[in-house]
Every structure is written in structure tokens, then in C-alpha cells.
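# Chain and residue survey
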Amino acid sequence: MWGRLARSGIIQGAETRTSDERQAAAVNTTTSLDRDQILNLCELIHTSRSGNLPAAGSRVLGLFRCIQVTLLTLRHNLTQELLADIHMVSQATISRVVAVYTPLIAEALQARVPSVEDPRPRPPIHHRQHSGALLVMARAPLGCDSGKHHTTGVNLQVACTLAGHLAWISPPLPGSVHDAKAIKESGFLEALDATMHIGDKGYVGLGMITPVKKPVYGELTDSDRRNNTTINRVRYLIERVIANIKIWRVLHTDYRRPYDTFETTIQAVTGLIFAYTL
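Please read these numbers as outputs of a predicted model, since none were measured by experiment.

## Thoughts on the nonpolar core
Leu41, Ile67, Ile105, Leu166, Ile245 and Leu272 are the most contacted members of the largest nonpolar core, which totals 51 residues. Put simply, the parts of the chain that give this core at least two residues each are α3 (35-48), α4 (62-76), α5 (80-87), α6 (91-108), β3 (151-161), β4 (166-169), α9 (222-245) and α10 (262-277). Residues contacting isoleucine 245, with those up to four places away along its chain left out, are Val158, Leu166, Ile169, Leu251 and Ile273.

## A closer look at helix α7 (residues 179-186)
Listed as buried for α7 are Asp179, Ala180, Ala182, Ile183 and Ser186. The buried residues of α7 all sit within an arc of 165 degrees when viewed along its axis, so they share a single face. One or two steps after α7, the chain reaches glycine 187, where phi turns positive at roughly 80 degrees.

## Focus: the packing of aromatic side chains
This structure, assessed with the given rule, holds two aromatic pairs. Over the aromatic face of phenylalanine 64 sits the side chain of arginine 35, whose NZ or CZ is 5.7 Å from the ring centroid.

## Brief notes about α9
Between the first and last C-alpha of α9 there are 36 Å, a value that for 24 residues agrees with the 34 Å anticipated at 1.5 Å per step. Its maximal kink placed at arginine 233, α9 deviates by approximately 35 degrees. Buried within α9 we find Asn228, Ile231, Arg235, Leu237, Ile238, Val241, Ile242 and Ile245.

## What to know about the state of the cysteines
With the rule as written, the count across this model stands at zero disulfides. Lacking any disulfide linkage, cysteine 42 is separated from the closest cysteine sulfur, that of cysteine 66, by 9.1 Å.

## With respect to the pattern of salt bridges
Side-chain pairs of opposite charge can arise where the charged atoms are in close proximity. Counted under the stated rule, the structure contains five salt bridges. Glutamate 185 is the partner of lysine 181 in a salt bridge, and the nearest nitrogen-oxygen pair spans 3.9 Å. Of this pair, lysine 181 and glutamate 185 both sit in helix α7, four residues apart, which is roughly one turn of that helix. By relative accessible area, which is 47% here, lysine 181 ends up partly exposed. Taking the relative accessible area as the measure of exposure, glutamate 185 reaches 48% and is therefore partly exposed. Arginine 225 is the partner of aspartate 222 in a salt bridge, and the nearest nitrogen-oxygen pair spans 3.2 Å. Pair noted here: aspartate 222 and arginine 225 are both in helix α9, with a separation of three residues, about one helical turn. What you see here is one network of salt bridges that share partners, running through Asp200, Arg235 and Glu239.

Here is what the cut-offs are and how they apply
Throughout this description, residue numbers start from 1 for each chain and increase along the sequence as written. Where totals are concerned, whole chains, interfaces and linings use all residues; where local detail is concerned, this predicted model gives features only for residues with pLDDT of at least 70, and gives and counts side-chain atom pairs only at 80 or more. Heavy atoms throughout the structure, all of them, feed into the side-chain values; hydrogens and water do not. The term nonpolar core refers to a set of buried residues drawn from Ala, Val, Leu, Ile, Met, Phe, Trp, Tyr and Cys, joined through side-chain atoms within 4.5 Å. Burial status follows relative accessibility: with a 1.4 Å probe on protein chains alone, a residue under 20% of its type maximum counts as buried, one over 50% as exposed, and anything between as partly exposed. Helix and strand definitions follow DSSP, with helices as H or I runs of at least four residues and strands as E runs of at least two, each counted in order from the N terminus. By definition, residues are in contact when any of their heavy atoms lie within 4.5 Å. When we speak of the arc, we mean the arc of directions from the helix axis to the C-beta atoms. Only the six-membered ring of Trp is used, alongside the rings of Phe and Tyr, when aromatic pairs are assigned; centres must lie within 6.5 Å, and planes under 30 degrees apart are stacked while those over 60 apart are edge-to-face, with the rest tilted. For a Lys NZ or an Arg CZ to count as sitting over a ring, it must be within 6 Å of the ring centre and within 35 degrees of the ring normal. Each helix should span, by expectation, one fewer than its residue count multiplied by 1.5 Å. A residue's bend is the angle separating two fitted axes: one through the seven residues that end there, the other through the seven that start there. Any two cysteine sulfur atoms lying within 2.5 Å of each other are counted as a disulfide. Salt bridges are defined by distance alone: a side-chain nitrogen of Lys or Arg within 4 Å of a carboxyl oxygen of Asp or Glu.

So, in C-alpha cells, the structure goes:
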């Protein structure tokens, strides 16, 4: 189907000749998606719009390259001026393409993102790890200041399995929201058994498996130290999962676009991760 779309000219900007391994690898490293996956995304967007594609970039770039530009923005957070030079178009064209196609990607892939009631994968893997991540913003409204990280951003809650597989990502909350409050508001603990989840000290008191805090003016017992060591030996898995999410640099470096577009950008990246990179 994808080849027929490309040959018929519906997906403009996609070369019809077969890419060699070097070209496929280059696409994968620059956008995290290979050619077939980008063509699949083009087909999803083309189908969801019933062929009525946005005017932004359609004449000079075509659907395939519009998607490619948007993926480059999400994957590397490149400036629009640089992307304009790479694709030999104006900066205004790049701005319009990113503004239009980011929500289209988020909408097309929404069904691939697991909900709080149905995180992936399901049992037989019973225990999951949980942690919070701050996504940094250069310009953020009041309430997004994180005292823990000493910067502005939004709070995401992330869950993974004991095998280190991403299972769920929460909707964003302001960076000032504590992890314990964020996980409560997400509904995660109500939908699933909290006692089957491992968290860091930020989740103490929520019924999860957490390290024991050192008492004020006191010391941990030998039993508590052993318990904390056992938990910390598997805690690296969730940190590695969060690090892999942040290879999408738009989530890790300063967000340049307006604040009210950040949630849609997060939804687009989340959809890409669950649909194509796991």
C-alpha cells in the first residue's frame, strides 16, 4: 500500500526508488523512524484526513518531507532556520509545517498510546517501576517552576516493567507539582494495585514499594539498608527508560514554541515512541 501511494504521487517528496541500507540507516538515526515507518505514518495521516492534506508545505515539500521535517524537529529540536537551510525553503514554511503536522501526528497515533487503565505490556510481568521526569521549557507560565530541578518545565510520570520496557506515560502537569501528587492525579494508583509498583522516595506513603527514608537525627537499621539496596539495584531500569524517552530532544532541551503547544508535542512524541520505537 505504501509503495502504491508513493508511486501514485499521493505521498509527494518520497523517492520511488528503493533505498539502500546506508540511506535507511541515515533516516533511522536522524528521525528514529526508517523509511517504511515514515511511509506508514504518511498513510495514517493521509487516511485520517481523507486526502485533504494541509496547504502548509504541500507545494514545496510534499507529505513525506513535511513529516520528515516535523520528525527532525521532535527528534533533535533543531532551529527552524537550520531546517529551512537544509530543505531549501523559508523559515516561515518550516514554522507552518511543524505547527500543522505535530498535532496531526499526535491525532493519528493516539490509539497506539496505552491508557492508565491498560498500560503495556500486560501480565505475566506483574511488578512495574515508577518515576517522574521534568521536561524543560525556556519560557513557561507561573506554576511550572521546579524547586527540585531549579528550572521550569512540566512533570511527566513514567512506568516501566521489571524487564525495562516502557509501559505508560502520564499527561503533563506543571513542574511545580510533586511526584506524589502527580501520580495521584493521573489515576494510576486507583486503576492498578499500588502494592505491585516500585517507586523512589518521592512516592513514600502511597502504598508502593519504596526505599526507607533516613529518620531525622537517626540512622537506618541494617534491615532498612538491605531493603534500600535491593530496591536501588532495579531502580536503574526506570532511569534508563526515561533517558531513552529524552533522546527526543524536544523533551530534553529548551522548548522554543509557545507553551500551549507543548502538550500536543508531548502527545506526538509519546505516540511515535509507542507506535514505532519499542
